[in-house]
Amino acid sequence: MEKYLINPNKKIGTISKDIYGHFSEHLGRCIYDGIFVGEDSPIPNVNGMRSDIVEALRDMGIPVLRWPGGCFADEYHWMDGVGDKSQRKRIINTNWGGVVEDNSFGTHEFMELCRQLDCDAYINGNVGSGTVREMSEWIEYMTFDGVSPMAELRRKNGREEPWKVKYFAVGNENWGCGGNMTPDYYAHEYDRYNSFIKDYNKDNHIYRIACGPNTADYDWTEQLMKISRDRMDALSLHYYTLTNGWQDKSPCLDYTDGEYYRMVAHAYGIDKVIDGHLRVMDHYDPEGKVDLVVDEWGTWHDVEPGTNPGFLYQQSTMRDAVVAGLTLNIFNKHADRIKMANIAQLINVLQAVILTDGEKMLLTPTYYIFKMYKQHQLNTAIDSYITSGMLDSDKGAFPQLIESASMDENGVITSTIVNASMTDSAEIKAQIADRSVTDIKAEIVTADPRAYNDFDGRHPVETTEFDDFAASADGFTAKLPACSIVKFTVKC
Ligand code: AHR
């Protein structure tokens, strides 16, 4: 029997709802043939956005959406995507399959999507192939409510009121596809671009995000913090989960047991990487003024056979659900420093929450994890600890059980626990410090470790009620099935 201790008296911090954020890039079928089908599509839509998808995402509780990239952001020129659609430039999407990008989805369409989703906008600017003026004018275009050339242009293009831009990133992966820069070169570029990111609207403070490291590149973090820490709100981190490495990924379906465990081990590795970057950040910023945002994370498998390799389309199984559950638990436990995270990507790309096939769409196992975990949004993360056996993989060992706990303003505790074992259930005994339990409800996502939802109507992975638990005076006992994610809602 594993011991699970929850201490509501020890608070970590408010869980930003934006930890449950998403990412939509002009990549493959994420935007076009994903969420945006156009006003003339036979698929039911509002202003071109698929109604079934909008409804599902609202239901899931999407708080923030990042756009337009990714690597695409550093070749995106926003002026190409505003104004009369018939006059918009057709360009090549050089990063993703070399396909034609007709710019029919631009700033106005993205803001309309955020309106329909009732979520905040996170815009990623172009440093790699853009100019300071272009970036500055984009912000003026989106946010200024007075008289200025860009505000007038926005009005001419049909939008009177400015939009709200909550987050803005100055470039993406500028150590790679965003310009192959060294950290100190990028830091000085960041400072130059940032000088012209104005808060044009007093009601819209732009939260500035500097391009951060790739995975465990602590030197990048060090240089950025050393040079630019006083001029940024946050540093971003990208962490993708791969079975073996970039040159040797594993299939998204039909993986071996070894590949399952390697994947989960790699996902668990984000905890150490986050701690490593926070240590460097704390050295330069002991008051913790600079936040960490993980604006790209998730599983990266081989593409589905027969699909365009540049489109990064992959099916999603219970393995992905386990990765999502444990990663979100790790983010919750870092609620004091991680203010946003964006899983890659929203639809039809990498660890998507929704897949489409023409007019059909399905909710992936990862979707159900986000929906289940939305209860953590804006709760206070509280201290918790679970004893656990270790699981082995040739990428290292990791705990079988990975959890997090939070509390709302009424004292209701939400606890989410992942049992990552493919074969073994786990019995737990939970104790909540200084509380008497009055009611418990639980939900579960569980299935065969290789199960997935498909377009032929097979839907083995979804959330169901869970009742294999018993309440006690100060907690509960439960038996968590193999390969499961369970949420307990405990009234005290
Ligand atoms: O999410 C896919 C790509 O991964 C993004 O465009 C890029 O930023 C990262 O390398």
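Predicted, not measured: the structure shown is a model, and the values here were computed from it.

Trainee: Mind showing me how you'd approach the overall build of the protein chain here?
Mentor: A tally of regular secondary structure across the protein chain gives ten helices and 26 strands. If you line up the protein chain on its principal axes, its C-alpha atoms span 65 × 55 × 45 Å. Per-residue burial over the protein chain gives 61% buried out of 492 residues. A fraction of 76% describes how many contacts in the protein chain between residues 6 or more apart in sequence connect residues 24 or more apart. Total accessible area on the protein chain stands at roughly 18,500 Å², and carbon and sulfur atoms take up 48% of it. In the protein chain, the 48 positive side-chain charges and the 74 negative ones have mean positions that sit 4 Å from each other.

Trainee: Just checking my understanding: could you explain the sheet that holds strand S22 (residues 439-446) for this structure?
Mentor: In sheet architecture, strand pairing relies on hydrogen bonds along the backbone and comes in two forms, parallel and antiparallel. Taken in spatial order, the ten strands of this open sheet run S23-S22-S26-S20-S19-S16-S1-S21-S25-S24, and their pairing is mixed. Of all the strands in the sheet, the pair left with one neighbour each is strand S23 (463-465) and strand S24 (469-472). Across the sheet, the axes of successive neighbouring strands diverge by a mean angle of 25°, strand direction being ignored. Here seven bridges tie strand S20 (residues 413-419) to strand S26 (residues 484-491), and the two strands are oriented antiparallel to one another. Bridge pairing links serine 415 to phenylalanine 488 in S26. Packed onto the sheet, helix H9 (residues 318-333) meets strand S1 (2-14), strand S16 (380-386), strand S19 (401-407), S20, S22 and S26 and runs at close to 50° relative to S19.

Trainee: I keep staring at the sheet that holds strand S12 (residues 291-299) and nothing clicks. Help me out?
Mentor: Taken together, eight strands build a closed barrel; the order of strands is S2-S5-S8-S9-S10-S11-S12-S13 and the barrel is parallel. Averaged over all adjacent pairs, the angle separating strand axes in this sheet is 25°, with direction ignored. Its contacts with the sheet place helix H2 (residues 107-117) against strand S5 (64-67) and strand S8 (120-125), and it is angled at close to 150° to S8. With respect to the sheet, H9 is in contact with strand S11 (234-241), S12 and strand S13 (338-344), its orientation differing from that of S12 by roughly 170°.

Trainee: What is the right way to look at the pairing of S13 in this model?
Mentor: Looking along a regular strand, one sees the side chains alternate between the two faces of the sheet. Within S13, six of the seven residues are buried, which leaves it mostly tucked inside the rest of the structure. As paired strands, strand S2 (residues 21-23) and S13 are joined by three bridges and run parallel to one another. Across the sheet, the residue bridging to glycine 21 is asparagine 342, located in S13. In this sheet, S13 lies alongside S12 in parallel orientation, the contact comprising four bridges. By the bridge assignment, leucine 292 is partnered in S13 with isoleucine 338. Crossover connection from S12 via H9 to parallel S13: handedness right-handed.

Trainee: Any chance you could explain the site of the ligand here in plain terms?
Mentor: Taken together, 13 residues lie near the ligand, and Glu25, Cys71, Glu173, Tyr240 and Glu296 sit nearest. In this structure, tyrosine 240 approaches the ligand through a side-chain N or O atom, which is 2.7 Å from an oxygen atom. Between the ligand and the protein, one listed contact pairs an oxygen atom with a side-chain N or O atom of glutamine 345 at 3.0 Å. With the chains in place, 93% of the 280 Å² that the ligand exposes on its own is no longer accessible. Split by residue class, the shell around the ligand holds seven nonpolar, three polar and three charged.

Trainee: I keep staring at the environment of proline 399 and nothing clicks. Help me out?
Mentor: Within the secondary structure, proline 399 is located in strand S18 (residues 398-399). By relative accessible area, which is 12% here, proline 399 ends up buried. As a C-alpha pair, proline 399 and asparagine 419 span 20 residues in sequence and 8.9 Å in three-dimensional space. Excluding residues within four positions of it along the chain, proline 399 makes contact with Tyr268, Ser388, Gly389 and Met390.

Trainee: Just checking my understanding: could you explain the nonpolar core for this structure?
Mentor: Side chains of nonpolar character tend, in soluble globular proteins, to be buried together. Grouped together as the largest cluster of nonpolar side chains are 124 residues, with contacts concentrated most on Leu57, Phe168 and Phe331. In terms of residue count, the dominant contributor to this core is H9 (nine residues). If you count residues domain by domain, this core takes at least three from each of domain 1 (16-377) and domain 2 (383-491). Leaving out residues up to four positions away in the same chain, phenylalanine 168 has contacts with Tyr122, Ile123, Gly125, Met135, Trp138, Ile139, Met142, Ile197, Ile206, Tyr207, Arg208 and Ile209. Within the second largest apolar cluster, 24 residues are counted, among which are Ile382, Ala405, Ala430 and Val490.

Trainee: Any chance you could explain the side chain of serine 41 here in plain terms?
Mentor: Mapping serine 41 onto the fold places it in the loop between S2 and strand S3 (45-46). Here isoleucine 43 takes part through its backbone nitrogen, which lies 2.9 Å from a polar atom of the side chain of serine 41.

Trainee: Which parts of the structure should I look at to understand the domain arrangement of the protein chain?
Mentor: How large an interface is tends to be reported as the accessible area lost when its parts come together. According to the domain assignment, the protein chain contains domain 1 (16-377) and domain 2 (383-491). One C-alpha centre belongs to domain 1, the other to domain 2; they are set 29 Å apart. Of the residues lining the interface, 43 residues belong to domain 1; the matching set on domain 2 comes to 44 residues. For the domain 1 face of the interface with domain 2, the top three residues by lost area are Tyr261, Met318 and Met372, together amounting to 22%. At the boundary of domain 1 with domain 2, the tally comes to three salt bridges.

Trainee: Can you help me understand empty space enclosed by the protein in this one?
Mentor: Taking a probe equal in size to a water molecule and rolling it over the atoms shows the remaining empty space. By the definition in use, this model includes three cavities of 30 Å³ or more. When its volume is computed, the largest cavity comes out at roughly 60 Å³. Lining the largest cavity are 16 residues; nearest its centre among them are Asn172, Glu173, Ser236, His238 and Asp295. Counting only elements with at least two residues in the lining of the largest cavity, the list comes to S8 and S11. A per-element tally of the lining of the largest cavity places S11 first, with three residues. When its residues are assigned to classes, the lining of the largest cavity shows seven nonpolar, six polar and three charged.

The rules behind the values
- Residues numbered from 1 in each chain as written.
- Predicted model: local features only at pLDDT ≥ 70, side-chain atom pairs only at ≥ 80, totals over all residues.
- Heavy atoms only, no water.
- Helix = DSSP H or I, 4+ residues; strand = E, 2+ residues; numbered from the N terminus.
- Buried < 20%, exposed > 50% of the residue type's maximum accessible area, 1.4 Å probe, protein only.
- Contact = heavy atoms within 4.5 Å.
- Areas by Shrake-Rupley, 256 points an atom, 1.4 Å probe, with all protein chains shown as cover.
- Lys, Arg positive; Asp, Glu negative; His and termini not counted.
- Charge placed at Lys NZ, Arg CZ, Asp CG, Glu CD.
- Pairing = 2+ DSSP bridges.
- Axes fitted to C-alpha atoms, helices over the stretch in contact; angles between N-to-C directions.
- Right-handed = clockwise from strand over helix to strand, strands pointing away.
- Near = heavy atom within 4 Å.
- Polar contact = N/O pair within 3.5 Å; in protein donor to acceptor, adjacent residues only side chain to side chain.
- Nonpolar A, V, L, I, M, F, W, Y, C, P; charged D, E, K, R; others polar.
- Core = buried A, V, L, I, M, F, W, Y, C linked by side-chain atoms within 4.5 Å.
- Domains from an automatic or database assignment.
- Buried area = accessible area lost by both parts, 1.4 Å probe.
- Salt bridge = Lys/Arg side-chain N within 4 Å of Asp/Glu carboxyl O.
- 1 Å grid on protein atoms, 1.4 Å probe; cavity = no way out; pocket = protein on both sides within 12 Å on 5 of 7 lines; lining within 4 Å.
- Points joined across faces, edges and corners; volume = space filled by probe spheres on them.

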